[in-house]
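One letter stands for each residue in the lines below.
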Amino acid sequence: QVQLVESGGGLVQPGGSLRLSCSASGFTFSRCAMGWYRQAPGKERELVATITSRGSGTNYADSVKGRFTISRDNAKNTVYLQMNSLKPEDTAVYYCNADLGGYPFWGQGTQVTVSS
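Residues numbered from 1 in each chain as written. Predicted model: local features only at pLDDT ≥ 70, side-chain atom pairs only at ≥ 80, totals over all residues. Heavy atoms only, no water.

**Regarding the overall build of the protein chain**
Piece 1. Helix and strand counts for the protein chain stand at zero helices and eleven strands.
Piece 2. The order of helices and strands in the protein chain, counted from the N terminus, is β-β-β-β-β-β-β-β-β-β-β.
Piece 3. In terms of C-alpha radius of gyration, the protein chain reaches 13 Å, essentially the compact-globule figure of 13 Å for 116 residues.
Piece 4. Taking all 116 residues of the protein chain together, 38% fall into the buried category.
Piece 5. Residue pairs in contact within the protein chain that sit at least 24 positions apart in sequence constitute 53% of those at least 6 positions apart.
Piece 6. Summing over all exposed atoms, the protein chain offers an accessible surface of approximately 6200 Å²; the carbon and sulfur share of this is 45%.
Piece 7. Counting 11 positive and 8 negative side-chain charges, the protein chain places the centres of these two groups 6 Å from one another. (Helix = DSSP H or I, 4+ residues; strand = E, 2+ residues; numbered from the N terminus. Rg over C-alpha atoms; globule rule 2.2 N^0.38 Å. Buried < 20%, exposed > 50% of the residue type's maximum accessible area, 1.4 Å probe, protein only. Contact = heavy atoms within 4.5 Å. Areas by Shrake-Rupley, 256 points an atom, 1.4 Å probe, with all protein chains shown as cover. Lys, Arg positive; Asp, Glu negative; His and termini not counted. Charge placed at Lys NZ, Arg CZ, Asp CG, Glu CD.)

**Re the state of the cysteines**
Piece 1. Under the definition given, this model contains one disulfide.
Piece 2. In this model cysteine 32 remains outside any disulfide bridge; the closest cysteine sulfur is found in cysteine 96, 11 Å from its own. (Disulfide = S-S within 2.5 Å.)

**Focus: unusual backbone geometry**
A negative phi holds for most residues other than glycine; trans holds for most peptide bonds.
Piece 1. In the Ramachandran plot, asparagine 77 falls in the positive-phi region, its phi being about 50° despite a non-glycine side chain.
Piece 2. Within the element layout of this structure, asparagine 77 appears in the loop between strand E7 (68-73) and strand E8 (78-83).
Piece 3. Residues other than glycine seldom take positive phi values, yet serine 85 does so here, at roughly 50°.
Piece 4. You can see serine 85 is positioned in the loop between E8 and strand E9 (92-100).

**Here we look at the pairing of E7**
Piece 1. Alternating residues of E7 divide into Phe68, Ile70 and Arg72, all buried, and Thr69, Ser71 and Asp73, none buried.
Piece 2. Note that E7 and E8 share six bridges and pair antiparallel. Within E8, the residue paired with serine 71 across the bridge is tyrosine 80.
Piece 3. What sits between E7 and E8 in their antiparallel hairpin is a turn of four residues, with asparagine 77 showing a positive phi close to 50°. (Pairing = 2+ DSSP bridges.)

**Examining the sheet that holds strand E1 (residues 3-7)**
Piece 1. Taken together, four strands build an open sheet; the order of strands is E1-E3-E8-E7 and the sheet is antiparallel. The open sheet is flanked by E1 and E7, the only strands paired with a single partner. The sheet shows a mean angle of 15° between the axes of neighbouring strands, direction not considered.
Piece 2. The pairing of E1 with strand E3 (residues 18-25) spans five bridges and is classified as antiparallel. Within E3, the position partnered with glutamine 3 by the bridge is serine 25. (Axes fitted to C-alpha atoms, helices over the stretch in contact; angles between N-to-C directions.)

In structure tokens:
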């Protein structure tokens, strides 16, 4: 019954912003590190950002540093990805990930398209 549901994807013009949300259920969210990954057509899934269980530590891919911010609200069992200064190369399906004691669990993904 572990479930991750992403939302907030859509079409954005270059330089625009978008905020993704991931609602979690079926596990103790506040004790798990979370992450966002993305996969473009024909490419491998890649790490975007991670956040520790209490939100005190974050890591970002070099390609998104300074533009994206990962955050979480443990009271709402939700993790967010704020995306600013979007570029066409950010176009991908974005997936929410939960670290369940070292075993990753994935959401269904949400499409982000950056195009003029």
